[in-house]
Structures are given as structure tokens and as C-alpha cells.
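Examining the three-dimensional arrangement
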Amino acid sequence: MTDTQDHLTRLAEIAPDSPLAQARATRQAATDGIEASYQRLFAPQDVGGFGIAERLLLAQRISEWHGDRQLAAHYAQLQQAQPADGPRLQAALDHAERLAFKPAGAEAKHLQALQQAGWSLDDIVTLSQLIAFVSFQSRLLFGYRLLAGLPVATSGRAPVRASAWRTASHTTSGRHAPPAFTSQELGWEPWIAAKPLEAFDEPGKALLTKFGHADSDYFRLLARDHAVLEQRTITDRAIFYTAGGLARQDRELAAAVASKVNGCIYCASVHARKAAQLSKRAEEVQRLLDVAPGGILSEGQGEDWRTQIDFAAALSATPPQANAAQLVALREQGLGELELLDLVQATAFFAWANRLMLTLGEPYDD
């Protein structure tokens, strides 16, 4: 690896004294967390059974599927060796392609297929983190380039619509599954075993305890690679809980919109509930949740949220479809560079979060 200094600055061609550079400096904790996440995934201290050659090839393919040629070229340039071809690599590519385009179509059997192809449980978690991170990374770069006034590849200006979601009545283990998007609290169960707390080494236990996740199946699953989980958690908190910039409820709204595009009922339930509580606009949040597959997500919303919803939905598409006209509309509403950066980063983060929740387990409501 040769990119040890904020690789996104170079890939997005961010000028040092530009408003975007200044906004990212204001959000330095997020900038640092994103860079550290990248380093943990592509220059880890311990690769386990998941080699660097495999990681870079997968990242290149994922970047291509998300429509980012520059990012794909970046990963291609870093490759110094080709991974061994065979069932193991093909299973990972199949998994990556599914997560790129139809994460809500993932099922428990797909993780079983990875295990049968030779992937350990720890490496499945790292693989899923890598796929989801590059999905996030590609949207960050798209949003940064758009903010910087650089050309971006987009296929049109038609609104991005709500996607389908899982409609099975029960989870794999037999629990009742939520039939539709909701702001009610849901449970979530993993498809591969979450490690019991006592099975972790001391750094792993300390990390889970530090962030209050020792009792969470989801986080004890992700903690199979606790180096990546640590930086992902830091990034999450730096994007959503920092002062100033875009109002917190609007960041939560962006997370709910991305979850509607990706078909993630669990994530939408958490962040729609937060958006409603903070904004006191529960009826409008419920209207968003109620949009059926194929529907326009911003329909019936007020002007401020309609513009933000359309942008967040477009950035969440695969490949992204956000455009300069949407950015102009947001600026006309009074959003400055820091607010726009927050909107991009909050939306993009759920390209990462949704792809973990949807493909490592499923929600239940009993």
C-alpha cells in the first residue's frame, strides 16, 4: 500500500484551500476514521486467511460495479499479485456482486456457500466489511467530486425509487419477520455465530465494552474483525453526532432514505424513529416509510425534505445518480458546504451499514 495519507483527497482531486477541504477539516474525526478504516481493510496488521491480493481484486470489481472508474483504477494499480482463481474467489465475487446491486436479496444460504468454498467465519465478516466499505467509499468520492464541481458519470435525472424488500413471513430461525417498513423497535439475528463475549481476547472485550456493544449479537459478530469495527464505529459517530452543519434529524433522514433504496427494514426503523423524534415530523417520516416499491420517495414531502430525499436517494443508487441540479437546489435552500458534506457522508455511510445488516442476518419483530 502506498496511500497512507487520506487517499480520498487525491482520488476526489480536492484542492487544499477549497471550501470542501475546509469542510472536511471541520469534520476531521470523520476524515481520519474513514482513512483508518481503509488502512485496516487494505493494510491490516493481520490478514488472517483473507490475503491482500484477494482484497484488492474484489475492491477493484466492486468499484466498477458502483461506476467509479478512478477508484477501480486505484485498486488495480495497487495489485502486485493475482489471487488464486477457484471456487473460493468465485464465491467471494458472487457475494460482492449481490451486495453491490441487490443487498436485500441476500439469504443465509449465501453465507453457507462462502463457508463451503473455504471462507472462515472471521474472514466472512472481513469480506462483508470490505464490500460494504467500498460501496461507501465510492459514494463519498462521487459526492465529493460533485461538491467540488467536477464532472461525474450519471445516467439521468429521473428520481431514484424505493426498492423491494424481503417479504418472507418468518426469519431463517422461525421468528416472525416484519412485513413492511416501520418505525417500531425491531430485533436482529445473525446468520453466522456471534462470538460470546468470553471468547474474545482482551482488546476485543475492551472495544465492545467501550462502545456499549457487549450484549449485541450484531456487534459481537462484527467484532470478529475488531480492528475494522473500531474504526467503523469511530467513523459512524463522527458523521452522525458532531455539532454544527446539517441538523441531526436531517442526517437521520438521509440514513432512512438510503435504507429505503437498499431495502433495509432494520436500519430504516432505527433512523426513521430518530428522525421523527428529533424533527417532530412523525407523519412525514411515516409517509417516507410507507412508499411502496417503485414509488418516489419524496412524494408528499415538504420542499426542504423533498430536495434532500431526492438527493440522498440518488446518491444511494447503484451506480449513484445524484447530479449538479440537485446540488443547486440544496444550495438554494441555504445549505452550505459543511451541511452538504454532512448530507453526503450520512447518506454514503448507509451504503456501508445497510450492506452489513442485510447480508449478515435479518430483523424480527416478535
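Since the model is a prediction, treat every value here as computed from it, not as a measurement.

1. Observations regarding the overall build of the protein chain
A tally of regular secondary structure across the protein chain gives 17 helices and two strands. Computed over the C-alpha atoms, the radius of gyration of the protein chain is 19 Å, within 12% of the 21 Å expected from 2.2 N^0.38 for a compact globule of 366 residues. Viewed in the frame of its principal axes, the protein chain has a C-alpha envelope of about 50 × 50 × 40 Å. Residues counted as buried form 58% of the 366 residues belonging to the protein chain.

2. Some thoughts on the state of the cysteines
Linking two cysteines covalently via their sulfur atoms produces the bond known as a disulfide. Throughout the structure, instances matching the rule amount to zero disulfides. No disulfide involves Cys 264; its sulfur sits 3.4 Å from the nearest other cysteine sulfur, which is in Cys 267. On the basis of relative accessible area, Cys 264 is assigned to the buried category, the value being 2%.

3. Comments concerning the pattern of salt bridges
Where charged atoms from two side chains of opposite charge approach closely, those side chains can pair. Under the definition given, this model contains 17 salt bridges. Through salt bridges that share partners, Arg 27, Arg 251 and Asp 342 make up one connected network.

4. With respect to the packing of aromatic side chains
What characterises a pair of aromatic rings is the spacing of the ring centres plus the angle enclosed by the ring planes. Throughout the structure, instances matching the rule amount to 16 aromatic pairs. Look at Phe 133 and Trp 352: their rings are 5.2 Å apart centre to centre, the planes differ by 80 degrees, and that puts the pair in the edge-to-face class. You can see Phe 133 sitting in helix H8 (residues 121-147) and its partner Trp 352 sitting in helix H17 (residues 337-360), a full 219 residues away along the chain. Put simply, the rings of Phe 133, Phe 136, Phe 240, Phe 349, Phe 350 and Trp 352 touch in pairs and so form one group of aromatic residues. The ring of Phe 200 is capped by Lys 195, whose NZ or CZ atom sits 4.4 Å from the centre of that ring. Taking NZ or CZ as reference, Arg 281 lies 3.9 Å from the ring centre of Trp 305, over its face.

5. Re unusual backbone geometry
The linkage connecting Thr 318 with the following residue, Pro 319, adopts the cis geometry, with an omega of -5 degrees. Of note, Pro 319 is situated in the loop between helix H15 (303-316) and helix H16 (324-332). A positive phi angle, near 55 degrees, is found at Glu 13, a position not held by glycine. Since its relative accessible area comes to 52%, Glu 13 is described here as exposed. Notably, Lys 280 is not glycine yet its phi reads approximately 60 degrees, a positive angle. Here Lys 280 is to be found in the loop between helix H13 (265-279) and helix H14 (282-289). The exposed category is assigned to Lys 280, whose relative accessible area is 70%.

6. Quick notes on the environment of Leu 338
Structurally, the position occupied by Leu 338 is in helix H17. In contact with Leu 338, not counting residues within four places along its chain, are Ala 23, Thr 26, Arg 27 and Gly 245.

7. Concerning helix H4 (residues 52-65)
An ideal rise of 1.5 Å per residue puts 20 Å on 14 residues; H4 measures up with 20 Å between its terminal C-alpha atoms. When you tally the buried positions in H4, you get 10 out of 14 residues, the bulk of the element. Buried residues along H4 sit against helix H3 (28-42), helix H5 (69-78), helix H6 (87-101) and H8. Backbone geometry just after H4 places Gly 67 at a positive phi near 80 degrees.

8. Considering the side chain of Ser 37
Within the secondary structure, Ser 37 sits in helix H3. You can call Ser 37 buried: its relative accessible area is 0%. Those residues in contact with Ser 37 that sit more than four places away from it in its chain are Phe 133, Gln 231, Arg 232, Thr 235 and Trp 352.

9. Comments concerning the environment of Ala 91
Relative to the assigned elements, Ala 91 resides in helix H6. For Ala 91, a relative accessible area of 15% translates into the label buried. Expressed as a C-alpha distance, the spacing of Ala 91 and Val 344, which sit 253 residues apart in the sequence, is 32 Å. In contact with Ala 91, not counting residues within four places along its chain, are Leu 114 and Ala 117.

10. Some details on the UniProt feature "domain: Carboxymuconolactone decarboxylase-like" (unreviewed entry) in the protein chain
What UniProt calls "domain: Carboxymuconolactone decarboxylase-like" (unreviewed entry) maps, in this numbering, to residues 228-292. The annotated region residues 228-292 carries 78% helix and 0% strand content, and the separation between its end C-alpha atoms amounts to 35 Å.

11. Quick notes on H5
Buried within H5 are the following residues: Leu 71, Ala 72, His 74, Tyr 75 and Leu 78. The arc that holds every buried residue of H5, seen down its axis, measures 155 degrees, which confines them to one face. Pointing more than 90 degrees away from the buried face of H5 are the exposed residues Arg 69 and Gln 77. Residues of H5 that are buried sit in contact with helix H1 (7-11), H3, H4 and H8.

12. Things to note about the packing of H13 against H17
Close contact between H13 and H17 brings their axes to 8 Å; oriented N to C, the two are set at 130 degrees. In terms of their interaxial angle, H13 and H17 are classed as oblique. On H17, the residues touching Tyr 266, Cys 267 and His 271 of H13 are Phe 350, Ala 353, Asn 354 and Met 357.

Criteria and thresholds
Going along each chain's sequence as written, the residues are numbered from 1 onward. Only residues with pLDDT of at least 70 get local features here, since the model is predicted, and only at 80 or more are side-chain atom pairs given and counted; chain-wide, interface and lining totals rely on the full set of residues. The side-chain figures draw on all heavy atoms in the structure; neither hydrogens nor water molecules are used. For the purposes of this entry, the term helix denotes a DSSP run of H or I that reaches at least four residues, the term strand denotes a run of E that reaches at least two, and both are numbered from the N terminus. Note that the radius of gyration is over C-alpha atoms, with the globule rule given as 2.2 Å times the number of residues to the power 0.38. Per-residue accessibility, obtained with a 1.4 Å probe over protein chains only, is compared with the maximum for each type, and a residue is labelled buried under 20%, exposed over 50%, and partly exposed between these values. Count a disulfide wherever a pair of cysteine sulfur atoms falls within 2.5 Å. Here a salt bridge means any side-chain nitrogen of Lys or Arg lying within 4 Å of a carboxyl oxygen belonging to Asp or Glu. Pairing of aromatic side chains requires ring centres within 6.5 Å, counting the rings of Phe and Tyr and the six-membered ring of Trp. Pairs whose planes differ by under 30 degrees are stacked, by over 60 edge-to-face, and all others tilted. Each ring is checked for a lysine NZ or an arginine CZ that lies within 6 Å of its centre and within 35 degrees of its normal; such an atom marks a charge sitting over the ring. Residue contacts are defined here by distance: any two heavy atoms, one from each residue, within 4.5 Å place the two residues in contact. Take the number of residues in a helix, subtract one, and multiply by 1.5 Å to get its expected span. UniProt positions are given in the numbering used here, feature names are shortened, and annotations may be inferred rather than shown by experiment. Each direction from the helix axis to a C-beta atom contributes to the arc, which is the arc of those directions. Note on method: axes are straight lines fitted to C-alpha atoms, helices fitted across the in-contact stretch only, with angles between N-to-C directions ranging 0 to 180 degrees. An angle below 35 degrees is treated as roughly parallel, one above 145 as roughly antiparallel, one from 65 to 115 as roughly perpendicular, and anything else as oblique.

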